[in-house]
Amino acid sequence: MFRLLAHQLPKDPTFPADFGELGYYINEHDQIRSIARPDQEFNFFISKNERVCERQRESMNEAIRENVGRRLAAFGLKTIDLPSGQAFPFVPILYSENIASAKRLILYFGESNQDLGIFAYRTIGQVSTAAGSAIEFVSNIQDVPEGAEAPGIVIGNCGQLIFHRKSRRAVTQQTWSALPRENAVKQPYRMDSHNNHPAGNETPEAHIDFVLSWVKKQAGKDVKIDVVGVGDAIEDLVKVLRRRWGEFKKNISAVAIGSGMVWLGEERHEWSEEFADFWAARARAYLISQEPLETPLPGRDEFGCNCYSSGETTYVERIMPMAHKKMLGFFNLAADTPGYREPEETEFNDGQAENEITMDNEPAVTFSA
């Protein structure tokens, strides 16, 4: 029988977390492109060895996170580690400097596989860094008329709920799997529920609950809060809001969610009549759809609120880059209109969409899809 000694095993590949050293640059359109071939996007498949590809992608993502974090800081966003005052483990969130004085606050919770401040790496690669991250989102929130006060901002972090003690940083599951190892064939690090998860933030639901408690302490008691939930954060967001509705009903102004075509949350018969009425009147769902952005869609019976096309046809993670301006417009409408209630979008044929086909020299034929 043959065996390899530890020093004979293949070394774990390493790559610098630097655009230039990885062979890329950010062009004038804020796009990451190859230095050698400026028309080429990031190339993940640089090897048939999956570990090599994984390590290179993580180095690229680290460079992106540094770039996004620096640019968000330029908008005045600060980072705080939760639970505050604890050395580690912790999870960072972002917040604006005006959170204590703002009359309005926009609170965002993204998917459980995304890094802080990142909406979709694929959008960063294909469109621009600003579009695929919270940069454009924050910029649009702060774009208010001269003399007007911009809403406060809090960006939650449902993705980085794993703490790597050696590097003292919070990471996603994807980054955890890509962490440097003793050699290229070593198994990923084992996780410990006590040492590798922040107290009170062990799950996305616990994190959302913790952030809401933190916001309540930091913001004014009469602040109006608009909430965005995307993907798998929706179910946990609804659970927390429903459970704490008596505590927050005077503060929550409106809710916008970005989802696939199927409601994955808890059964709505479990909701109180008061919470269900709020959801129907002041919530919107932006769904994956082939239809143009903000086209009304069937789904009110399933989602409990009006549904609209997000303009994104395939990936939930790309809903924010596509539809966040419409979400912010909805928040402004709800905030500026006393007693605002969403007009009830009537379901097509009791939930079944009607389609009409007209052929040359033939009468119109109507059928139910």
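Here we look at the overall build of the protein chain
Point 1. Counting its regular elements, the protein chain contains 11 helices and 15 strands.
Point 2. Considering the protein chain as a whole, with its 369 residues, one finds that 49% of them fall into the buried category.
Point 3. Of the contacts formed within the protein chain by residues at least 6 apart in sequence, a portion of 67% connects residues at least 24 apart.
Point 4. A total of about 18,900 Å² of accessible surface is found on the protein chain, and carbon and sulfur atoms cover 49% of it.
Point 5. Charged side chains in the protein chain number 40 positive and 53 negative. The centres of these two groups are separated by 10 Å.

Remarks on the pattern of salt bridges
Point 1. Per the counting criterion, the structure on display carries 25 salt bridges.
Point 2. Linking Glu 66 and Arg 70 is a salt bridge whose minimum nitrogen-to-oxygen distance equals 3.4 Å. Of this pair, Glu 66 and Arg 70 are both found in helix α2 (residues 50-74), four residues apart, which corresponds to roughly one turn of the helix.
Point 3. Through salt bridges with shared partners, a single ionic network connects Glu 205, Asp 209, Lys 216, Arg 243, Arg 244 and Glu 247.

Notes on the confidence of the model for the protein chain
Any segment with low pLDDT has predicted coordinates that should not be analysed in fine detail.
Point 1. Per-residue pLDDT for the protein chain averages 91, and the proportion of residues at 70 or more is 93%.
Point 2. Taken as a whole, residues 348-369 scores under 50 in pLDDT and shows 24 contacts with residues more than four places along the chain or in a different chain.

Brief notes about the packing of helix α6 (residues 204-218) against helix α7 (residues 233-243)
To characterise two packed helices, one gives the angle between the axes of the helices and the distance between these axes.
Point 1. For the pair α6 and α7, the least separation of the axes is 9 Å and the interaxial angle reads 50°. As far as their axial angle goes, α7 and α6 are oblique. Regarding α6 and α7, the two cross each other, and that crossing is right-handed. Within the contact between the two elements, α6 uses Pro 204, Glu 205, Ile 208, Asp 209 and Leu 212 and α7 uses Ala 233, Asp 236, Leu 237, Lys 239, Val 240, Leu 241 and Arg 243.

A word on the packing of aromatic side chains
Point 1. A complete count under the given rule lists 21 aromatic pairs for this structure.
Point 2. Clustering of aromatic rings is evident, with ring pairs tying together Trp 245, Trp 263, Trp 271, Phe 275, Phe 278, Trp 279 and Phe 303.
Point 3. A cation sits over an aromatic face here: Lys 216 above Phe 248, 5.8 Å from the ring centre.

Remarks on the packing of helix α4 (residues 134-142) against helix α11 (residues 319-336)
Point 1. At their nearest, the axes of α4 and α11 sit 10 Å apart, and the two run at 15° to each other. It follows from the interaxial angle that α4 and α11 lie roughly parallel. Taken as a pair, α4 and α11 cross one another with a handedness that is right-handed. Facing Glu 136, Phe 137, Asn 140 and Ile 141 of α4, the residues of α11 in contact are Met 320, His 324, Lys 325 and Leu 328.
Point 2. Looking at side-chain class alone, the contact of α4 with α11 contains four nonpolar, two polar and two charged residues.

What to know about the sheet that holds strand β9 (residues 224-230)
Point 1. On the basis of which strands lie adjacent, the open sheet formed by nine strands has the order β3-β4-β6-β5-β9-β10-β11-β13-β12 and mixed pairing. The strands lining the two open edges of the sheet, one partner per strand, are β3 (77-82) and β12 (296-297).
Point 2. Across four bridges, strand β5 (residues 104-109) lies against strand β6 (residues 152-155) in parallel orientation. Paired with Tyr 108 across the two strands is Ile 155, which belongs to β6.
Point 3. Running over the sheet, α4 touches β3, β5 and β6 and is turned about 160° from β6.
Point 4. In the packing of helix α9 (residues 273-282) onto the sheet, the strands contacted are β10 (252-259) and β11 (283-287), and the crossing angle to β10 comes to about 70°.

Comments concerning a nonpolar patch on the surface
Point 1. A cluster of nonpolar side chains, contributed by Met 261, Val 262 and Leu 264, occupies part of the molecular surface with about 310 Å² of accessible area.
Point 2. Mapped onto the elements of the fold, Val 262 is located in the loop between β10 and α9.
Point 3. According to the relative accessible area criterion, Val 262 is partly exposed, its value standing at 47%.

Some thoughts on the pairing of β9
Point 1. Counting buried residues in β9 gives six out of seven residues, a clear majority hidden from the surface.
Point 2. When β5 meets β9, the two strands line up parallel, connected through six bridges. Its bridge partner lying in β9, Tyr 108 is registered against Val 228.
Point 3. Relative to β10, β9 is paired through six bridges, and the arrangement is parallel. Looking at β10, one finds that Asp 226 is bridged to Ala 254.

Overview of the environment of His 164
Point 1. You can see His 164 is positioned in strand β7 (residues 162-164).
Point 2. Its relative accessible area of 10% is what places His 164 among the buried residues.
Point 3. Sequence-wise, His 164 and Thr 175 are 11 residues apart; in three dimensions their C-alpha atoms are separated by 9.8 Å.
Point 4. Ignoring anything within four residues of it in the chain, the contact list for His 164 reads Arg 169, Trp 176, Leu 179 and Tyr 189.
Point 5. At 2.6 Å, the side chain of His 164 forms a polar contact with the side chain of Ser 167.

Basis of the calculations
- Residues numbered from 1 in each chain as written.
- Predicted model: local features only at pLDDT ≥ 70, side-chain atom pairs only at ≥ 80, totals over all residues.
- Heavy atoms only, no water.
- Helix = DSSP H or I, 4+ residues; strand = E, 2+ residues; numbered from the N terminus.
- Buried < 20%, exposed > 50% of the residue type's maximum accessible area, 1.4 Å probe, protein only.
- Contact = heavy atoms within 4.5 Å.
- Areas by Shrake-Rupley, 256 points an atom, 1.4 Å probe, with all protein chains shown as cover.
- Lys, Arg positive; Asp, Glu negative; His and termini not counted.
- Charge placed at Lys NZ, Arg CZ, Asp CG, Glu CD.
- Salt bridge = Lys/Arg side-chain N within 4 Å of Asp/Glu carboxyl O.
- pLDDT = per-residue confidence, 0-100.
- Axes fitted to C-alpha atoms, helices over the stretch in contact; angles between N-to-C directions.
- Parallel < 35°, antiparallel > 145°, perpendicular 65-115°, else oblique.
- Left-handed = near helix turned anticlockwise from the far one by under 90°.
- Phe/Tyr/Trp six-rings, centres within 6.5 Å; stacked < 30°, edge-to-face > 60°.
- Lys NZ or Arg CZ within 6 Å of the ring centre and 35° of its normal.
- Nonpolar A, V, L, I, M, F, W, Y, C, P; charged D, E, K, R; others polar.
- Pairing = 2+ DSSP bridges.
- Patch = residues over 30% accessible without salt bridge, like charges linked within 9 Å, V, L, I, M, F, W, Y side chains within 5 Å.
- Polar contact = N/O pair within 3.5 Å; in protein donor to acceptor, adjacent residues only side chain to side chain.

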